[in-house]
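The chain contents come next:
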Amino acid sequence: QVQPVESGGGLVQAGGSLRLSCVVSRSLFSIRAMGWYRQALGKQREMVARITSGGTTNYADFVKGRFTISRDTAKNTVYLQMNSLKLEDTAVYYCNFADDYGGPIFGSWGQGTQVTVSS
């Protein structure tokens, strides 16, 4: 298993919360950084959040104060806690290895997990 495996998406009302999980097949300490990305229907994929092997986090402006990226190194898992969800958060969310600026290192993507926010 090489690609991260995402889970935790679903249907939620605006203002609600979801927690996404991303499981990798090796230690997070051996990976420079991991990122969460999303792609809404008809739109480009964009970076949501990033966490380094040292625990430093970065967020896109549109999720600051609402989303939190975290990790459980014992479980090789990266999480994205999403609070105060908005309609515009509806997208397929992906996890991938990230570069120093939050972009993906590799062009291969998994199946992602669908997040749908309703009014």
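Residues numbered from 1 in each chain as written. Predicted model: local features only at pLDDT ≥ 70, side-chain atom pairs only at ≥ 80, totals over all residues. Heavy atoms only, no water.

Draft legend 1. Just the pattern of salt bridges, in detail. Counting across every chain of the model gives five salt bridges. Of the charged contacts in the structure, one is a salt bridge between Arg32 and Asp100, with a shortest N-O distance of 2.9 Å. Highlighted residues: Arg32 in the loop between β3 (18–23) and β4 (33–39) and Asp100 in the loop between β9 (91–97) and β10 (113–118), separated in sequence by 68 residues. Taking the relative accessible area as the measure of exposure, Arg32 reaches 57% and is therefore exposed. By relative accessible area, which is 39% here, Asp100 ends up partly exposed. Of the charged contacts, one joins Asp89 and Arg38 as a salt bridge, the two residues approaching to 2.8 Å between their closest N and O atoms. One end of the pair, Asp89, is in the loop between β8 (77–82) and β9; the other, Arg38, is in strand β4, and 51 residues separate them in sequence. Ionic contacts of the salt-bridge type, sharing partners, join the residues Arg38, Glu46, Arg66 and Asp89 into one network. (Salt bridge = Lys/Arg side-chain N within 4 Å of Asp/Glu carboxyl O. Helix = DSSP H or I, 4+ residues; strand = E, 2+ residues; numbered from the N terminus. Buried < 20%, exposed > 50% of the residue type's maximum accessible area, 1.4 Å probe, protein only.)

Draft legend 2. Fine view of the pairing of strand β7 (residues 67–72). As defined by bridge partners, β7 adjoins β8 across six bridges and the pair is classed as antiparallel. Of the residues in β8, the one forming a bridge with Arg71 is Val78. Count of turn residues in the β7/β8 antiparallel hairpin: four residues, of which Asn76 carries a positive phi of about 50°. (Pairing = 2+ DSSP bridges.)

Draft legend 3. Highlighting empty space enclosed by the protein. Evaluated as defined, the whole model comprises one cavity of 30 Å³ or more. Considered as a void within the structure, the largest cavity measures approximately 40 Å³ in volume. What lines the largest cavity is simply Leu28, Ile31, Ala33, Met34, Ile51, Thr52, Ser53, Arg71 and Val78. The set of elements that each furnish at least two residues to the lining of the largest cavity consists of β4 and β5 (46–52). For the lining of the largest cavity, a count of residues per class yields six nonpolar, two polar and one charged. (1 Å grid on protein atoms, 1.4 Å probe; cavity = no way out; pocket = protein on both sides within 12 Å on 5 of 7 lines; lining within 4 Å. Points joined across faces, edges and corners; volume = space filled by probe spheres on them. Nonpolar A, V, L, I, M, F, W, Y, C, P; charged D, E, K, R; others polar.)

Draft legend 4. Molecular detail of unusual backbone geometry. Notably, Asn76 is not glycine yet its phi reads approximately 50°, a positive angle. Tracing the sequence through the fold places Asn76 in the loop between β7 and β8. Classification of Asn76 as buried rests on a relative accessible area of 18%. A positive phi angle, close to 50°, is found at Ser84, a residue other than glycine.

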